[in-house]
Every structure is written in C-alpha cells, then in structure tokens.
Amino acid sequence: MPKQTAYEEFRKSIVKALMDEIHGPEPSDSDERQAEGLTVSPLQQYATGVLFPQGSHTDDLDEGNGGSGNPDEEAQPERPKIRKRDIEAASDDASAVEPAEETPLTLANQFNPAAIGVTVRVKADAQIDAVVTAGTYEKKQIEKAHPRAGETMGDGRTVFTKTRIETQFHRRRLQERLTIKVASVDITGQYFPVPGTDEKLCVHVRSRSDGESNVLVSLALVNRHTSAPSKAPEVTEAFFQVALSLYGSDGSDIFLPVDRISGASDDFDTAALDLLYRERRAFGLGHGTGVVWDHASDPQGNAVTVRTTCVPTKEMKPVVPRESSFGKFGYNLLMKEMAEPSGDGSAQETILERLNDLAQDYALWIDSVAQRLQTLDDKFHEAAFRNIAACQTCLNRIKDGIRYLEEHADAMIAFRIANRAMHEQQVRSRLPELEPEDRFEDTIAGMHFENGSGPRWRPFQLAFILMNIACCADSDHPDREIVDLIWFPTGGGKTEAYLGLSAYCIALRRLRNASNTGIAVLMRYTLRLLTAQQFQRAAALIAVLDALREDRYLGADLGQAPITIGVWVGKSLSPNRRAAAIEALTSLQV
C-alpha cells in the first residue's frame, strides 16, 4: 500500500474540519470552545473559504514533508499542479496603485484572496458587533506504525521500517466578537485585531457618508501574513472556513438598504428591474464573498444580521402560467373548439368571438395594472408607463391578428388546421404505450373528453400565436422586424406556443401555393438532449399535419407532396451520409 502524501493528509483534515462545522466537532484539547455570549451555531457560520497570506501567487499551500524519512520509501509521482496566471500583488504602501484605505478590499479580488469584505449602511451613531469565525491548522510530526512494516524484497532485503513519521494537521477553531463604534472610524480606516491570532487576522473598518444622514461602513477580514511570491505559503499562515457575521450591539435591526437608489437609471432594462423588485432590497454588498441577511420580523424592514456566505441561496417561487380568465367572464380555449367550434353560429363567428374575449380579458388586466400607478413612488412612474405601453403594443398586435383572420379566409382555414393538428398531437402524446396487438384507431376512439375537458391553450400561448398571425402571413408587415421572446421556465408551455404558430405557417404556405414545399420553419436547439426531445414533439405535429393534408381536412388543398421534417445534429455527433453511417456501424460490429 503506497504511503499517503502530506497533501492527502491535509485534504482529509480539511474534510473532517468541514464536517465538524456542520455536525459539531468531537471534544478535543486543540479545539477552542465557543466564546461566552456568542450564539452563532455551526450551520450559521456560512464559511467562505481560505484567506491566503498576502503576496502569495502559487496554487498550493506548502504542506511540508509528510514522508517517513526512509530513503528506500517508494517514490511517489509528483502531483500535477494547475497554475493560474500571475497577478500583481496588492501593496499596503500608500504609494500603490490603490489608495491605502482601499487595500483590504483589493486583497479580496485576487486569485489567492487575503481578505473578504462586506459593506453595509447604518446610522452614524450605530455600534456593530462583528463575529469572526475561522480555523487554523498546526502541523505536527507523528510517529506511527508503518502499514508495510517488515515486508521484504525478493532478495530478502527488508525495505520498510517498523514506523514512519507522518505530518498531521490539527485544527484550532477561532470565534471572536469585536465591538465597533462606527463614529470612531473614518475613511482612512482602522484595524481591529482578532484575539488569539497575534494580530495576523484583523478586521479593517472604514466608513464614509452616503450623502444623506447615514454612513456606509466597509468591514474587511484581512490575513496580515505575508509571503514571498517565489515561495509557497505555509499552511499555518492561512485561515480556513472564514466567516464574518454582523449584528447590532443592542440586538436591533440597524442595517439599512445598501443598494443604489432604485428608479434612477436611464437604462430601460435596469429601470424595469428596479420597478419589478422595488420591495426586494439589498442590505449588504460582498467583496470576494457572497452576502445574506436576516430580518427580525418584517421582511420589508431593516436587516438585523448581515453575514458572509460562499454560495448565497434563495427559494424561488415557481412561475405558473394563468389558465383561466382574468375578468369575471370566462372563455373557451380548447384546441379542438378553435378548429371545430360547437354552437349555433358559424364556425368563423364563434372562433372570432372567443378570440375577442381573450383580447378583452387582456385589456382588463392592463387597466387593472395601470390603476396601481398611483400607489407607486414618482421615481418608478417612467418605467411603469413604458411597461404599460409595451403591454398595449402586444394587445394591439393581438387585435391585428384577430382582424387578419376575419379578413382573410385562407388565414382562418390555416388557423383552424393548426388548432386541429395541435389537438391531435396533444391527444397522441397522452396515449399509453401500446402493445403490438392493440389497434391505434380503437385506442383513439376510446378517448373521450367531457365537460369541456381536453387539450387547451394557455392564454399566453394563444396570445403569442395571435400576435404573429398577420406578420407571418404578410411579408411586408412591419412586425416582421420584431423578434418575440417567450419567457417561461421549463414546463411553462413555450413549445406548444411556437409549434402552434409553426403549424399555422406551414398550412398557410400550402394553401396559398400547394407546390411550395420548401423549408417553412427552422428550429435551433443548443443542447443535444433537448434537440432529441423537442424533435419528437415536432415530428408528432408534422405527422398529424400530413395526415390532415391527405384527408383534405376542412376541404383544404395542401398539395400532393408530403409535409416532412428533418434534423441535422452535426457530423461530430452522428453521420450525415448513408455511407458514413454504414462505415460507423460496421466498425462497431467488428
């Protein structure tokens, strides 16, 4: 059994230390007990990583020689190292590129960071308790029994000794509370040494006015060890699992929002995001680390705690598309009803009535949003007006699509064919896997939809199709310059929306020119597995469209040429020619 290197021992020590942080360390003389009065549990420490000595450029810490010292010990291959590009070390000298008061935050942005920092906003007379947690490792040489002691070579020569010297790393946990009076520090900054570290781990604090009645306070946890660029830093000169937690000394929620003034941006997207997230404020800015915060009770109030974290987490609520009407009246969005509407009136009149109901419902929603303008601060009004104007533009495009269907009989027929094709595609996708003896026609005939059930459009899907009805039919339409984006998470229904529009475009082209058999729709996917899955869904739709062509559904003449689909996935993934496919298959069979 080959010996364990010092690196492996060090790695195991780090893993054990992390488990100690989560589950609590076992009693040990080398562990420091939690200081009296501190209430930060191991799970609340949000360890960030390693603070390297200042000036270190190498990737690995100097772990020392963990071998047995036996010259006959089996040689171990040198562990490969991945070198990062050299960077210029930050200097504490006032003549450096960055001013002296910026140096601690500059150290947080290096590849081997020597600091992490947090910026918060508080009252000028505030008093902050900064709880620092970290771990240090001490190297110890331990004599242990050699796992291969007594083994001999073929010539009878003893190779391994009875014992060997191993390097072990013993962790010492640091957890200290520092009290900082904000009024006592200024823009030049002040260092607060962390007890028990010989002033090698410090909290650097600087404050400056925010231009109003409050102050911005930047606190940086700094490793003040230094290391020569040509020499790997010692493990004992680094601080591990570092974290910085900030509290109000009196336990109150002293931390004010620290993000910029919302609604002040001239950029449309930024202003829109400010409006959307106006009730979600940031209470800390991280430098070389993430930041999270807690509220005492009111989630809209100030923060009571600000902490560093390696990976900030946030529970995101699912985006669920609305399927029912917004107003008091309802509408029928069944796919089959959009193709073959039931009722006493003509098919065209019934379909147009239902589509107009959808447009009217959207208009009611826009009006309800516009009425909320009076509850917004003035700084959000410009962004809100632009959003409402964009919604009104979408509504006008929907109405334009409905009007186009009313005025062009071929577009209405294509729209009905597309709806019937989508209905059939959805029905077939819900079929169970058939046994060889089962008849497909009998299975389809046995599927009944009662009480208005069956495949239906979600409002946004049908709205997307209606917005593009006119521009996809008229090559001179101004909306052909617009690229529409459907923004919904996975499972929201994006695919059905653009498949429905694709079916409309294919049917309309064939209705206007039955011999137009060229490519009508291009779909591009950036993920290979997604390509296969979406191709299956698109292929089912094309198969249904071709069946409707053969049946001359609604008396429509879609030509004699089949409606087909193809996929190109690139030569590197699969053969593009039959000869290459045969050659690849033959090579697998050999």
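Residues numbered from 1 in each chain as written. Predicted model: local features only at pLDDT ≥ 70, side-chain atom pairs only at ≥ 80, totals over all residues. Heavy atoms only, no water.

Peer 1: Give me the lowdown on the packing of helix α9 (residues 459-473) against helix α10 (residues 494-512), citing residues and values where you can.
Peer 2: Close contact between α9 and α10 brings their axes to 9 Å; oriented N to C, the two are set at 30°. Judged by the inter-axis angle, α9 sits roughly parallel to α10. The handedness of the crossing between α9 and α10 comes out as right-handed. When α9 is examined against α10, the residues Phe460, Gln461, Phe464, Ile465, Asn468, Ile469, Cys472 and Ala473 are found in contact with a partner set consisting of Lys494, Glu496, Ala497, Tyr498, Gly500, Leu501, Tyr504, Cys505, Leu508 and Arg512. (Axes fitted to C-alpha atoms, helices over the stretch in contact; angles between N-to-C directions. Helix = DSSP H or I, 4+ residues; strand = E, 2+ residues; numbered from the N terminus. Parallel < 35°, antiparallel > 145°, perpendicular 65-115°, else oblique. Left-handed = near helix turned anticlockwise from the far one by under 90°. Contact = heavy atoms within 4.5 Å.)

Peer 1: Provide a residue-level description of the confidence of the model for the protein chain, including the pertinent values.
Peer 2: Per-residue pLDDT for the protein chain has a mean of 80; in total, 79% of the residues score no lower than 70. Low pLDDT (under 50) marks residues 21-46, which in the prediction has 51 contacts with non-local residues, meaning those over four places away or in another chain. Below pLDDT 50 for its whole length, residues 63-102 participates in 65 contacts with residues either more than four positions away or in separate chains. (pLDDT = per-residue confidence, 0-100.)

Peer 1: Quick rundown of the pattern of salt bridges? Include the residues and the values.
Peer 2: All told, the structure shown has 19 salt bridges when counted by the stated rule. Among the salt bridges present, the one from Arg164 reaches Glu166, with a minimum N-O distance of 2.8 Å. Taken as a pair, Arg164 and Glu166 share a single burial class, namely buried. Measuring nitrogen to oxygen at the nearest pair gives 2.5 Å for the salt bridge that ties Glu496 to Arg537. One end of the pair, Glu496, is in helix α10; the other, Arg537, is in helix α11 (residues 528-551), with 41 residues separating them in the sequence. With relative accessibility at 24%, the residue Arg537 sits in the partly exposed group. The network of salt bridges with common partners includes Glu340, Arg420, Glu424 and Arg428. (Salt bridge = Lys/Arg side-chain N within 4 Å of Asp/Glu carboxyl O. Buried < 20%, exposed > 50% of the residue type's maximum accessible area, 1.4 Å probe, protein only.)

Peer 1: Summarise α9; cite the residues concerned and give the values.
Peer 2: Along an α-helix, a turn takes 3.6 residues, which lines up residues three or four apart on a common side. An ideal rise of 1.5 Å per residue puts 21 Å on 15 residues; α9 measures up with 22 Å between its terminal C-alpha atoms. The largest bend along α9 reaches roughly 30° and is located at Met467. The element α9 is extensively covered by neighbouring structure, given that 14 of its 15 residues are classed as buried. (Expected span 1.5 Å × (residues − 1). Bend = angle between axes of the 7 residues up to and from the residue.)

Peer 1: Mind laying out the sheet that holds strand β7 (residues 214-223), listing which residues take part and the relevant values?
Peer 2: Spatially, the 5 strands line up as an open sheet ordered β5-β6-β7-β2-β9, and their pairing is antiparallel. Every other strand in the sheet has two partners, leaving β5 (190-193) and β9 (285-287) as the edge strands with one partner each. Here the strands of the sheet are splayed against their neighbours by 25° on average, with no regard to which way each runs. Sheet topology places strand β6 (residues 201-209) next to β7; 9 bridges connect them, and they run antiparallel. Looking across to β7, one finds that Ser207 is bridged to Val217. (Pairing = 2+ DSSP bridges.)

Peer 1: Can you explain the packing of aromatic side chains? Please cite residues and give values.
Peer 2: Considering all chains together, one arrives at 4 aromatic pairs under this definition. Ring geometry for Phe283 versus Trp293: centroids 5.9 Å apart, planes at 65°, classification edge-to-face. A residue pair is termed long-range when its members are at least 10 positions apart, and Phe283 in the loop between α3 (268-276) and β9 and Trp293 in strand β10 (residues 290-295) qualify at 10 residues. Here Phe283 falls in the buried class, since its relative accessible area comes to 3%. We classify Trp293 as partly exposed; its relative accessible area is 26%. When the ring of Tyr362 is compared with that of Trp365, the centres are 6.1 Å apart and the planes differ by 15°; the resulting orientation is stacked. Here Trp365 and Tyr362 lie together in helix α5 (residues 347-370), a separation of 3 residues that amounts to about one turn. Residue class for Trp365 comes out partly exposed when judged on its relative accessible area of 32%. (Phe/Tyr/Trp six-rings, centres within 6.5 Å; stacked < 30°, edge-to-face > 60°.)

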